Amino acid sequence: MRAINQITGKPLSVIDFLSVIGLSGYLTYTTKSSVYLMLVILMLLVNVRLNKNGQRNIYLALMVTAMTVVISLLTPLNLDINRLAIEPLALFYYISLLVYFIYILIDKDKESVTDLGEPASVRRLLYAQLFYGLAQVVLIIFGDMSIGNRLIFISSMLGVVIYGVIDQYKKKQVNE
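Residues numbered from 1 in each chain as written. Predicted model: local features only at pLDDT ≥ 70, side-chain atom pairs only at ≥ 80, totals over all residues. Heavy atoms only, no water.

From N to C terminus, the chain includes seven helices and zero strands. Going from the N terminus to the C terminus, the chain shows its helices and strands as α-α-α-α-α-α-α. Counting only C-alpha atoms, the chain reaches 65 × 45 × 20 Å along its principal axes. Out of the 176 residues belonging to the chain, those deemed buried represent 36%. Excluding contacts between residues fewer than 6 apart, the proportion of contacts in the chain whose partners are at least 24 apart in sequence is 75%. Here the chain has roughly 10800 Å² of accessible surface; of this, 69% comes from carbon and sulfur atoms. (Helix = DSSP H or I, 4+ residues; strand = E, 2+ residues; numbered from the N terminus. Buried < 20%, exposed > 50% of the residue type's maximum accessible area, 1.4 Å probe, protein only. Contact = heavy atoms within 4.5 Å. Areas by Shrake-Rupley, 256 points an atom, 1.4 Å probe, with all protein chains shown as cover.)

The next subject is helix H7 (residues 147–175). Taking 1.5 Å of rise per residue, the 29 residues of H7 would be expected to cover 42 Å, and the 42 Å separating its terminal C-alpha atoms lies within 8% of that figure. For H7, the complete set of buried residues consists of Arg150, Phe153, Ile154, Met157, Val161 and Gly164. Elements in contact with the buried residues of H7: helix H5 (88–106) and helix H6 (122–142). (Expected span 1.5 Å × (residues − 1).)

For helix H2 (residues 14–31), which comprises 18 residues, the first-to-last C-alpha distance of 25 Å matches the rise-based estimate of 26 Å (1.5 Å per residue) to within 8%. Inspection of H2 places Phe17, Ile21, Ser24, Gly25 and Thr28 among the buried residues, and these make up the whole buried set. In an axial view of H2, the angular spread of the buried residues amounts to 105°, which keeps them on one side of the axis. Facing away from the buried side of H2, by more than 90 degrees, are the exposed residues Ile15, Leu23 and Tyr26. Phi turns positive, to about 60°, at lysine 32, one or two residues after H2. (Arc of directions from axis to C-beta.)

Turning our eyes to something else, we now look at the packing of helix H3 (residues 35–50) against H6. At a minimum axis separation of 11 Å, H3 and H6 run at an interaxial angle of 160°. Between H3 and H6, the crossing angle belongs to the class labelled roughly antiparallel. The handedness of the crossing between H3 and H6 comes out as right-handed. Within the contact between the two elements, H3 uses Val35, Tyr36, Met38, Leu39, Leu42, Met43, Val46, Arg49 and Leu50 and H6 uses Arg123, Arg124, Tyr127, Phe131, Ala135, Val138, Leu139 and Phe142. Here the residues of the contact of H3 with H6 sort into 14 nonpolar, no polar and three charged. (Axes fitted to C-alpha atoms, helices over the stretch in contact; angles between N-to-C directions. Parallel < 35°, antiparallel > 145°, perpendicular 65-115°, else oblique. Left-handed = near helix turned anticlockwise from the far one by under 90°. Nonpolar A, V, L, I, M, F, W, Y, C, P; charged D, E, K, R; others polar.)

Following the criterion strictly, the structure yields three salt bridges and no others. With a closest N to O distance of 2.6 Å, glutamate 87 and arginine 150 form a salt bridge. A residue pair is termed long-range when its members are at least 10 positions apart, and glutamate 87 in the loop between helix H4 (54–74) and H5 and arginine 150 in helix H7 qualify at 63 residues. Overall, glutamate 87 belongs to the partly exposed group, its relative accessible area being 32%. Across the salt bridge formed by lysine 171 and aspartate 167, the nearest N and O atoms sit 3.3 Å from each other. (Salt bridge = Lys/Arg side-chain N within 4 Å of Asp/Glu carboxyl O.)

Inspection of the secondary structure puts alanine 128 in helix H6. Sequence spacing of alanine 128 and serine 24 is 104 residues, and the spatial spacing of their C-alpha atoms is 18 Å. Aside from chain neighbours lying at most four places away, what touches alanine 128 is Met1, Ile4 and Asn5.

We now examine the confidence of the model for the chain. Predicted confidence across the chain gives a mean pLDDT of 82, with 94% of residues reaching 70 or more. Looking over the chain, one finds the lowest element-wise mean pLDDT in H4, namely 72, and the highest in H5, namely 93. (pLDDT = per-residue confidence, 0-100.)

See the structure below:
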């Protein structure tokens, strides 16, 4: 998320990218699912689109590809499509994801500031929110979603929506 929204105000370093790539490699190796490397490649592509560091991201994408080859030689990787879970918590999770997407797409007040006090890019914030939601869709389709992860994702998505609605209400009260 930090690579996309750059809300910290500090430029991303190669160490930041290498940390994410290393973590995704670890998750890919331990879960035997290449979904995490797929998400890193998606993040690199979005980052190329938003920022002027395309050459560095190309090198990083090549590194992720090489890591995928090495990991797949060590352990068979899969990218199987899951059946949609239909238990009540999963259904609530899907509804929460839908509400989240609707909210971020209709929310017109995305103004924020970076940690340095400078205005944050509204475009980057929207892309980060979309990436977060799309990453969850990818995890639903290809990943192994535990109950704990569903609860964390539900609380973070609904937290964004509830905070946004309350913030808009407060701003409306101040303007009246």
